[in-house]
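# An overview of the molecular structure
Here is what each chain is made of, one letter per residue.
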Amino acid sequence: MNLLQLFDLSLKGRADAPALEWQGRTYTFGELEVRSNRVAHALLARGCTKGDRLGVYLANSVEMVDLFLACVKLGVIFVPINILYREREIAHIVEDAGPREVIRGDVPYAGDTSRPAAALDGDTPAAIIYTSGTTGASKGAVLTHNNFAANAVNLLTVWQISDRDRFLLPLPLFHIHALGNGLHCWLMSGCRMRLLERFDHTKATAELLDFKPTLLFGVPTVYVRLLDTPPDAAREIGASMRLCVSGSAPLPPHVLQGFRSLFGQTILERYGMTETFMTISNPYVGERRAGTVGFPLPGVSVRIEDGELLVKSPTLFSGYWRRSDSPFTADGYFRTGDMAVVSADGYYTLLGRKSDLIISGGFNIYPREIEELLLEQQGVAEAAVVGVEDEVRGEVPVAFLVGDFEARDLERVCREQLASFKVPRRFVKVNSIPRTALGKVQKHLLK
């Protein structure tokens, strides 16, 4: 089975149902079917055929949805490009992926509304999504129809997503979070989705009150901003909400607790990455434990080796584009690069990236433990801890912080609650902490 057969549950089976709200207009699933057919014929006319790559450098829009559906219908491989990238970063992706063309502005349309035919199966590549490149040049993860389908079927099941949901999506479609989770859960469930060009915290309260979503996918930054919502409005929003999901970066426990107090909703934190899709999730029914990412999803095998999380599942990518070296172990597991521990009752907790591990005087230091303590302190809005070279200890931790604080107060708290070797040697105040579009801290820039 291919993605198109699953999308047809909505594109054809719910043709007259409201599907997508975009900038004040509502499109039915049938209208999206016709629009994407036109785009598919336009791409055919420009020489695009099955196996070709199509670069897409666009902000969120109905046209980006049209392009993705058109690519699926043709067997053309969709290559979304982060709109925050500039010439050097774009050039790397274009050179590596070798797309037939890159769509950067107007989306081509043609008059033919019939669906073009293409031979597709579950192993057909659907997209190449480039990793965020926080430590070097980004690599293209090749994702098949089966990968996308297995991921969405899992999420529809465990998060109980259905055509009764009203889904608000404020995340960028160039990222796996919105494309792989958001777009596919929407198309396969047939729910009503309001797509935003981006998350704007100044308009968030009005947007939520107007749309009254039952389902929201966000990153921690979204939920931090929503803590500024007036209490009366928050209670009204929370009353209609069914599920708020957070991912793409660690969710500080105090944010989960603050959101629950304000909105009456407990955020569901989960774990995944471009190469693996979603692999671990807190339960929909049961304890959503702060600071953890929950249990492996159905069909997902997980193990920890030397502190590193390894994953094998039907959602696992087929490899990196144009890279001959295998990213898999001999028995098919993918090394995530994330350090983790598991509790006696099966909840997984992430400790940070393996590359972020600080080894100071022979002791292992996981920055996330220090960051979470700092974020609990009054006046600290953001925190990132990195290892800095030291002649005596090899590395020592240094904290970079945004907010209004006294370094001596933070040092005192750290000395009271952490082992001495974990206490940051400096507390550096900065105006902002560099992040990717999805909120991941770029620690190499801090170093």
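Criteria and cut-off values
- Counting from 1, residues in each chain are numbered in the order their sequence is written.
- Under the rules for a predicted model, residues below a pLDDT of 70 receive no local features and side-chain atom pairs below 80 are neither given nor counted, while totals for whole chains, interfaces and linings still include all residues.
- Values shown for side chains rest on all heavy atoms present in the structure; no hydrogens or waters enter the calculation.
- Aromatic pairing here means that ring centres of Phe, Tyr or Trp (its six-membered ring) are within 6.5 Å. Orientation follows from the plane angle: under 30 degrees is stacked, over 60 is edge-to-face, and everything else is tilted.
- Strands are runs of DSSP state E lasting at least 2 residues, helices are runs of H or I lasting at least 4, and numbering of each runs from the N terminus.
- Accessibility here uses a 1.4 Å probe with only protein chains present; expressed as a share of the type maximum, an area under 20% marks a residue as buried, one over 50% as exposed, and anything in between as partly exposed.
- Criterion for a charge above a ring: Lys NZ or Arg CZ within 6 Å of the ring centre, and within 35 degrees of the ring normal.
- Paired strands, in this sense, are two strands between which DSSP finds at least two bridges.
- The nonpolar core is taken to be a set of buried Ala, Val, Leu, Ile, Met, Phe, Trp, Tyr and Cys residues, with the residues joined through side-chain atoms within 4.5 Å.
- Simply put, an axis is a line fit to the C-alpha atoms, just over the touching stretch for a helix, and the angle between two N-to-C directions goes from 0 to 180 degrees.
- Think of a 1 Å grid over just the protein atoms. A cavity is a set of points where a 1.4 Å probe fits yet cannot get out, a pocket is an open set with protein on both sides within 12 Å along at least five of seven lines, and lining residues have an atom within 4 Å of a point.
- Grid points are joined across faces, edges and corners, and a volume is the space filled by probe spheres set on the points.
- Contact definition: two residues touch when any of their heavy atoms are within 4.5 Å.
- By definition in this entry, angles of less than 35 degrees are roughly parallel, angles greater than 145 are roughly antiparallel, angles of 65 to 115 are roughly perpendicular, and the rest are oblique.
- The hand of a helix crossing depends on one turn: near helix anticlockwise from the far one by less than a right angle means left-handed, and clockwise means right-handed.
- Charged means Asp, Glu, Lys or Arg here, nonpolar means Ala, Val, Leu, Ile, Met, Phe, Trp, Tyr, Cys or Pro, and polar covers whatever is left, Gly included.
- Any carboxyl oxygen of Asp or Glu within 4 Å of a side-chain nitrogen of Lys or Arg constitutes a salt bridge here.
- Working definition: the arc comes from the directions between the helix axis and the C-beta atoms, pointing outward to the latter.

Attention now goes to the packing of aromatic side chains. This structure, assessed with the given rule, holds 14 aromatic pairs. When the centroid spacing of 4.8 Å and the interplanar angle of 65° are considered together, the rings of Phe 167 and Phe 217 count as edge-to-face. Within this pair, whereas Phe 167 is found in strand β8 (residues 166–169), its partner Phe 217 is found in strand β10 (residues 215–218), the two being separated by 50 residues in sequence. Judged by relative accessible area, Phe 167 falls into the buried class, the value being 1%. Judged by its relative accessible area of 1%, Phe 217 falls in the buried class. Taken together, the ring pairs in this structure connect Phe 68, Phe 78, Phe 148 and Phe 277 into an aromatic cluster. The aromatic ring of Phe 211 is capped on one face by Arg 166, whose charged end is 4.4 Å from the ring centroid. Lying across the ring of Tyr 347, Arg 289 places its NZ or CZ 3.8 Å from the centre.

Let's shift gears to the environment of Gly 111. Here Gly 111 is to be found in the loop between β5 (101–103) and β6 (125–130). Since its relative accessible area comes to 66%, Gly 111 is described here as exposed. Distance in space between the C-alpha atoms of Gly 111 and Arg 35 is 9.7 Å, their sequence separation being 76 residues.

This brings us to the sheet that holds strand β1 (residues 18–22). The strand order across the open sheet formed by 9 strands is β2-β1-β9-β8-β10-β11-β12-β13-β14, and the pairing between neighbours is mixed. Lying at the two open borders of the sheet, with one neighbouring strand each, are β2 (25–28) and β14 (295–296). Alignment of strand β13 (residues 277–281) against β14, held across 2 bridges, turns out to be antiparallel. Residue pairing across strands places Ser 281 opposite Phe 295, the latter belonging to β14.

Before going further, it helps to examine the nonpolar core. Of all hydrophobic cores here, the largest spans 106 residues; its most connected members are Leu 20, Leu 67 and Trp 186. Looking at which element gives the most residues to this core, the answer is helix α3 (residues 62–74), with 10 residues. Grouped together as the second largest cluster of nonpolar side chains are 19 residues, Val 385, Phe 405, Val 413 and Leu 418 included.

Moving on: the sheet that holds strand β15 (residues 301–305). Spatial strand order, β15-β16-β17-β18: 4 strands in an open sheet with antiparallel pairing. Of all strands in the sheet, those with a lone pairing partner are β15 and β18 (348–353), marking the two edges. The average undirected angle you get between the axes of adjacent strands in this sheet is 45°. Strand direction decides the pairing type here: strand β17 (residues 334–342) and β18, joined by 5 bridges, are antiparallel. Looking across to β18, one finds that Ala 340 is bridged to Leu 350.

Moving on, we come to empty space enclosed by the protein. Taken as a whole and judged by the stated rule, the model has 1 cavity of 30 Å³ or more. Empty space within the largest cavity amounts to approximately 30 Å³. In this structure, the largest cavity is lined by Leu 208, Leu 216, Leu 226, Ile 237, Gly 238, Met 241, Cys 244, Phe 259, Phe 263 and Gln 265. At the level of elements, α9 (231–240) and α10 (253–263) are the ones that each hand at least two residues to the lining of the largest cavity.

This part covers the side chain of Ser 281. Within the secondary structure, Ser 281 sits in strand β13. Those residues in contact with Ser 281 that sit more than four places away from it in its chain are Trp 159, Leu 268, Glu 269, Arg 270, Val 293, Gly 294, Phe 295 and Leu 297.

Further remarks concern the pairing of strand β11 (residues 243–246). What you see with β11 is no split at all: Leu 243 and Val 245 on one side and Cys 244 and Ser 246 on the other are buried throughout. Here 4 bridges tie β10 to β11, and the two strands are oriented parallel to one another. If you follow Leu 216 over to β11, its bridge partner there is Cys 244. Across 2 bridges, β11 lies against strand β12 (residues 268–273) in parallel orientation. Looking at the pairing, Val 245 lines up with Leu 268 of β12.

The next point concerns the packing of helix α2 (residues 29–45) against α3. For the pair α2 and α3, interaxial distance at closest approach is 8 Å and the crossing angle is 65°. For the element pair α2 / α3, the angle class is roughly perpendicular. Read as a crossing pair, α2 and α3 show a hand that is right-handed. Packed against α2, whose contacting residues are Leu 32, Glu 33, Arg 35, Ser 36, Asn 37, Val 39, Ala 40, Leu 43 and Leu 44, the element α3 presents Val 62, Glu 63, Asp 66, Leu 67, Leu 69, Ala 70, Lys 73 and Leu 74 at the interface. Here the contact of α2 with α3 is built from residues that sort into 10 nonpolar, 2 polar and 5 charged.

What follows concerns the pattern of salt bridges. As a working rule, side chains carrying opposite charge can pair if their charged atoms are close by. As enumerated under the stated definition, the model contains 32 salt bridges in all. In this structure, the salt-bridge partner of Arg 100 is Asp 52, at a minimum N-O distance of 2.9 Å. Placement of Arg 100 in the loop between α4 (87–97) and β5 and of Asp 52 in the loop between α2 and β3 (53–56) is noted, with a sequence separation of 48 residues between them. A residue is classified by how much of its surface remains accessible, and Arg 100, at 46% relative accessible area, is partly exposed. Judged by its relative accessible area of 15%, Asp 52 falls in the buried class.

The subject of this paragraph is helix α7 (residues 204–211). For the α-helix, the turn length of 3.6 residues means that residues three or four positions removed from each other point alike. Every buried residue of α7 is accounted for by Ala 204, Leu 208 and Phe 211. The buried residues of α7 all sit within an arc of 80° when viewed along its axis, so they share a single face. Turned more than 90 degrees away from the buried face of α7 sit Ala 206 and Asp 210, all of them exposed. Looking at the buried positions of α7, the neighbouring elements they touch are β1, β8, β9 (192–195), α8 (220–226) and α9. Positive backbone phi, at 50°, marks Lys 212, one or two positions downstream of α7.

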